[in-house]
Amino acid sequence: MTTPLAVENPVIRRQTQTGDIVARWVVTLFAATILLLTVLVVYQLWATSAPSRHKSGFGFLFSSQWNPVTEEFGALPFIYGTVVTSVLALLISVPLGLGAAVFLAELAPARLSSSLTFLVELLAAIPSVIYGLLALFTVVPLMRLYVEPFLKSALGFLPLFKGPAYGVGFLTAGIVLSFMTLPFIVSVSRESLLAVPREQREAALALGATRWETTWKVVIPYAKLGIFGSIFLSLARALGETMAVTMVIGNDPKISASLLASGYSIAAVIANEFTEATGTIYPAALVELGLVLFCLTIIINGAARLMIMATTGKGSKRA
Amino acid sequence: MVTTNMKTLSLALAGLLLGSATVAMAQQKINAAGATFPAAIYQKWFEEFHKLHPDVEINYQSIGSGGGIAQLTGGTVDFGASDMPMTDDQLSKLKVRAFHFPTVLGAVVPTYNIPGVVADLKFSPETLAAIFLGTITKWNDPRLVKDNPGITLPKDDIVVVHRSDGSGTSFVWTDYLSKVSPEWKSKVGANTSVSWPVGLGGRGNEGVAGLVKQTPDSIGYVELFWAAQNKVTIGLVKNSSGVFVKADVESVTEAAAGAAKDMPADFRISITNAPGKKAFPISSFTYLLIPSQIPDAAKSKAIVAFLQWMLADGQKYAAGLYYAPLPKEVVAKEIKQIAQINAPGAQAGQPKKK
Amino acid sequence: MSKRLIWRKGVNAVMLTLTGVFTVITVATLFLILGYLVYYGGRSLDWNFFTRLPLAAGEEGGGMANAILGSLEIVGMAGLVGLPVGFLAGVYLSEFEDKWFGSLVRYVADLLNGIPSIVVGLLAWSLLVVPMKQFSAVAGSIALSVMLIPVVARQTEQFLREVPNSLREGALALGASKWRMIATVAVPAGSKGILTGMILGMARIAGESAPLLFTAFNNQFWSGGIAQPTASLPVMIYFRALSGYEDWHRQAWAAGLVLIAVVLTANILARLVLARGVSVPRG
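Conventions used here
- Residues numbered from 1 in each chain as written.
- Chains lettered and ligands numbered in written order.
- Predicted model: local features only at pLDDT ≥ 70, side-chain atom pairs only at ≥ 80, totals over all residues.
- Helix = DSSP H or I, 4+ residues; strand = E, 2+ residues; numbered from the N terminus.
- Rg over C-alpha atoms; globule rule 2.2 N^0.38 Å.
- Buried ≥ 20, exposed ≤ 12 C-beta atoms within 10 Å, placed from the backbone.
- Contact = placed C-beta atoms within 7 Å.
- Pairing = 2+ DSSP bridges.
- Nonpolar A, V, L, I, M, F, W, Y, C, P; charged D, E, K, R; others polar.
- Domains from an automatic or database assignment.
- pLDDT = per-residue confidence, 0-100.
- Core = buried A, V, L, I, M, F, W, Y, C linked by C-beta atoms within 7 Å.
- Axes fitted to C-alpha atoms, helices over the stretch in contact; angles between N-to-C directions.
- Parallel < 35°, antiparallel > 145°, perpendicular 65-115°, else oblique.
- Left-handed = near helix turned anticlockwise from the far one by under 90°.
- Right-handed = clockwise from strand over helix to strand, strands pointing away.
- Expected span 1.5 Å × (residues − 1).

**Student:** What is the right way to look at the overall build of chain A in this model?
**Tutor:** When you go through chain A residue by residue, the secondary structure sums to 13 helices and 2 strands. A compact globule built from 319 residues should have a C-alpha radius of gyration of about 20 Å, whereas chain A, at 25 Å, is more than 25% larger. When the backbone C-alpha atoms are referred to their principal axes, chain A occupies close to 85 × 65 × 35 Å. Residues counted as buried form 56% of the 319 residues belonging to chain A. Long-range pairs, those at least 24 residues apart, make up 76% of the contacts in chain A between residues at least 6 apart in sequence.

**Student:** For this particular structure, what's the right way to read the sheet that holds strand 11 (residues 244-245) of chain B?
**Tutor:** The strands making up a sheet are joined through hydrogen bonds of the backbone, oriented either antiparallel or parallel. All names here are of chain B. In space, the 3 strands of this open sheet follow the order 5-10-11, with mixed pairing throughout. The open sheet terminates on both sides in strands that have one partner only, identified here as strand 5 (122-123) and strand 11. Across 2 bridges, strand 5 lies against strand 10 (residues 236-238) in parallel orientation. Bridge pairing in strand 10 places F123 opposite V237.

**Student:** Any chance you could explain the interface of chain B and chain A here in plain terms?
**Tutor:** Where interface size is quoted, it is often the accessible area lost as the parts come together. Listed per partner, the contact involves 23 residues of chain B and 17 residues of chain A. When contributions to the side of chain B that touches chain A are tallied by element, the ones reaching two or more residues are helix 3 (65-74) and strand 7 (200-202) of chain B. Looking at the side of chain B that touches chain A, the element that brings in the most residues is helix 3 of chain B, giving 6 residues. For the side of chain B that touches chain A, the class distribution of residues is 6 nonpolar, 14 polar and 3 charged.

**Student:** Would you mind showing me how to read the domain arrangement of chain A here?
**Tutor:** Residue and element names in this part refer to chain A. Looking at chain A, the domain boundaries give domain 1 (5-48) and domain 2 (53-312). Computed over C-alpha atoms, the centres of domain 1 and domain 2 are 38 Å apart. Each side of the interface is counted separately: domain 1 has 4 residues, and domain 2 has 5 residues. Considering only residue class, the side of domain 1 that touches domain 2 consists of 3 nonpolar, 1 polar and no charged.

**Student:** Any chance you could explain the confidence of the model for chain A here in plain terms?
**Tutor:** Any residue range with low pLDDT should be treated as having predicted coordinates unsuitable for detailed reading. Residue and element names in this part refer to chain A. The predicted model of chain A has a mean per-residue pLDDT of 87, with 92% of residues at 70 or higher. Averaged over each element, pLDDT in chain A is lowest for helix 1 (residues 5-8) (54) and highest for helix 4 (residues 76-107) (94). Between residues 314-319, whose pLDDT stays under 50, and residues either more than four places distant or in other chains, the model counts 18 contacts.

**Student:** Any chance you could explain the interface of chain A and chain C here in plain terms?
**Tutor:** Contacts between chain A and chain C engage 82 residues on the former and 81 residues on the latter. Considering every element that reaches the side of chain A that touches chain C, the biggest residue donor is helix 2 (residues 10-48) of chain A, with 20 residues. Taken together, the residues that form the side of chain A that touches chain C break down as 51 nonpolar, 23 polar and 8 charged.

**Student:** Whenever I open this one, the confidence of the model for chain B confuses me. Can you help?
**Tutor:** When pLDDT is averaged along chain B, the result is 86, and 90% of the positions lie at 70 or above. Per-residue pLDDT stays below 50 along residues 348-354 of chain B; that stretch engages in 8 contacts with residues further than four places along the chain or on separate chains.

**Student:** I keep staring at the nonpolar core and nothing clicks. Help me out?
**Tutor:** Inside soluble globular proteins, nonpolar side chains tend to come together where they are buried. All names here are of chain A. Ranked by size, the top nonpolar core spans 311 residues in total, and within it V176 and V248 carry the most contacts. When residues of this core are assigned to their parent elements, the largest contribution, 16 residues, is made by helix 4. Each of domain 1 (5-48) and domain 2 (53-312) accounts for three or more of the residues forming this core. Not counting chain neighbours up to four residues away, the residues in contact with V176 comprise Y131, A135, V139, A244 and V248.

**Student:** Help me understand the packing of helix 6 (residues 137-161) of chain C against helix 8 (residues 178-206) of chain C in this model?
**Tutor:** Helix-helix packing is characterised by the crossing angle of the two axes and by the distance between the axes. Residues and elements named next belong to chain C. Relative orientation of the contacting elements helix 6 and helix 8 amounts to 150 degrees, with a least axis distance of 8 Å. Comparing the axis directions of helix 6 and helix 8 gives the class roughly antiparallel. Here the hand of the crossing between helix 6 and helix 8 comes out right-handed. Across from L144, M147, L148, V151, V152, Q155, T156, Q158, F159 and L160 in helix 6, the residues of helix 8 making contact are A186, G190, G193, I194, G197, M198, G201, R204 and I205.

**Student:** When you look at the packing of helix 5 (residues 117-132) of chain C against helix 6 of chain C in this model, what are you seeing that I'm missing?
**Tutor:** Residues and elements named next belong to chain C. Between helix 5 and helix 6, whose axes approach to 9 Å, the crossing angle comes to 135 degrees. Between helix 5 and helix 6, the angle falls in the class oblique. As for the relative orientation of helix 5 and helix 6, their crossing is right-handed in sense. Judged by residue contacts, S117, V120, G121, L123, A124, W125, L128 and V129 of helix 5 engage V138, A139, I142, A143, V146 and M147 from helix 6.

**Student:** Would you take a moment to explain the pairing of strand 2 (residues 56-62) of chain B for this structure?
**Tutor:** Remember that side chains alternate between the two faces of the sheet whenever the strand is regular. Residue and element names in this part refer to chain B. The buried count for strand 2 comes to 7 of 7 residues, which makes it a mostly enclosed element. Of the two faces of strand 2, the one holding V56, I58, Y60 and S62 and the one holding E57, N59 and Q61 are both buried throughout. The pairing of strand 1 (residues 28-34) with strand 2 spans 7 bridges and is parallel. Bridged to G34 within strand 2 is S62. Read from strand 1 through helix 2 (residues 39-52) to strand 2, the crossover connection turns out right-handed.

**Student:** Teacher, can you tell me more about helix 7 (residues 168-180) of chain B here?
**Tutor:** Since there are 3.6 residues in each turn of an α-helix, residues three or four apart along the chain are aligned in direction. Residue and element names in this part refer to chain B. Along its 13 residues, helix 7 runs 18 Å from first to last C-alpha, staying within 8% of the 18 Å computed at 1.5 Å per residue. Most of helix 7 sits inside the fold, with 12 of its 13 residues counted as buried. When we look at burial in helix 7, the residues that qualify are G168, T169, S170, F171, V172, W173, T174, D175, Y176, L177, S178 and V180.

In structure tokens, the structure reads:
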């Protein structure tokens, strides 16, 4: 057997080895920038929020004061608003998205399924500010004129639906967010469902189950890790949404039981108040809010990725 | 194939950047930010000034008075704008002492959107305070009815709209409410950003005007220009002489009439609830915050030229945009202050850091 | 047929129909959004929009020419930084990955992807705006590039992995060094997908507004250079939509239409490049 020329000729061997070593170091360096950037984000958030952290300590997370005049800041109303709108969004988009995913994975013929999935994925590409634009001019009037008055008349005895119908507020923000998270639920769930081995379905059908029963009792439970992963991913995205939420949430840092009331989210208050934060504590408090949001999304994203990796077996395809 | 396209693209991009940089170098670029209250006339002024001096571009972003003060303090803008005069505490945080230059006078008016009510409502100070405190919740409250005989007010809930951003307009409004309502003063106080007891937040004067326009049964407060522009209904307010006055150039000028005499050297003054039968009680000066030392000679020249133009020709644009021009005595004092920019010893007299 | 069977068949029919309905709702949302934008935006698009600068409040006839150019500038610069970094990181993940380091980078890249855009804006603000004492296009670009890098890295890795190993081994057997093999065989083989990932990444950052709010800020005039505040389409849409003027609302719609046209065209193009039913990892 003839040995390759590269191995025979020591000059070429040295050159290629050097080239490879350089190449390896270059790409490793660039890969390391990803780690560096993440560390940088954490460090900068931590350092820049120092004045506020030193002043309020852990109490920051539990205080509902937001007073730039007396420089007392608390994160609670914003955490509340962020969580409420995101949970509301998921309450709507999970059944909707899972249902669509089932249709696309189990029922639709392959070509229809890919075309429709493609369209759903286009929905994910729409910028947040455009969702906000549409929400402001189409959803808000709809909510104020029809939906909210209807809810008040039908369910007004519940504390959830008390108060005037502004059109903006937790409910509207939640609904807008649900449409923004929908495409993620659909595509990741669909993939998880497709990853379920065919034998599982056939076994169930052979035992006499209907298509729906097969899906509900066999396929979905089998894919549940991936589905949960998609839910968590969407939750993480909803928590961090800025533009669409800030345009329809009402911008009022108050905790309220009513969904019709206006509120505030972490991302929205940073977007609104950052350029006017005077002094040292005020901007630091906003950065601290950013740190809280960052931690929240990292934890949820981290858990989501692990779940998805477990089902589809490869590294997450979802970027 | 891919590489050639990428090469062309990067070449084009480089050309674009180089081109814009070259154009940029010929221009004097000045960045400013601040109040939305006078934004209409400021934008007009900077546009007109640019026409007269094409090499000077003053980029003004109306992000609210709080933003103007914050960005000036952070040094990210060349000058700021605010309806609220800076407090001693804020001034002490500045690295370079800043001058207040009053530019125009404006009014903050209550604006409302009540379906079926097209007449001008009358508001007395106590009623306004109560509405914004949340103690008056319905439009047909007896106190409102008393001030507005003959107008049928609905029994709907009042939707209060206030500013969500740090606003000089908010300062003027809360300053007035603090003067006329001890309860407001102790519970909320006066500032660009306060803890509002009730209401929705709108961003900028435009945001509040927009929200009021879109929300039935709402009441908010906006600067007069924005109210006129958006064609929203504005109310009359009872002044300190007991007369219900509508805000316009005359009533605002009337409010400033006494101020010219009492004007302190640094121009920081509040004229809310001013005396005078025809005075509109919620009027205010608005200020440009100019650093006392501007190191860049070309920038300094441009800013000084603008200030001089503003105090002379600029004032002619005021009335057309529903602002009142400055009293002549104030203009004379300001011209003297311009000479102090970049003058030696300008740092003296800065309020001490606490 | 027993009652139970009828019930089960009924449930089956209802639920399956429901899934179809949900799919229709989901897809219909896309068409609704596009429809509104085309209708309202189309009515507001005019020559002024593309050629004129914004005018003072209340004056009609202004445009967003500076914002369009500003967006091109900011996104272009972000690409200059983000695309090579992301690409090379992706090459590492696919070709060179070392045991735990590679998995760590991959995992962290996915986490970086999920960072809220406003937090990225805070990062760029603290790193660039504060020391420079200036809002600038370059600060905005850095923020956007931080968002671009993980997307491009993972997409590059994905498509490089799909290149069959036989191609690699063939090149190596012929005596090519590893880096030469990557540069001349693996990357060109996966170039379609890699390019797709880049286009999708750029389209995504082109629509971002939050990271620019306090980095590139805004400008009435043409951008004064990379170290000056610069207008951008997404930021203008935000400010104009929140204002009280009909004219500015119209401009917001027009800008929305332009933005979505660019973003969706890029997305459609990218996916068509990868046609033939290959399952495309989303960006």
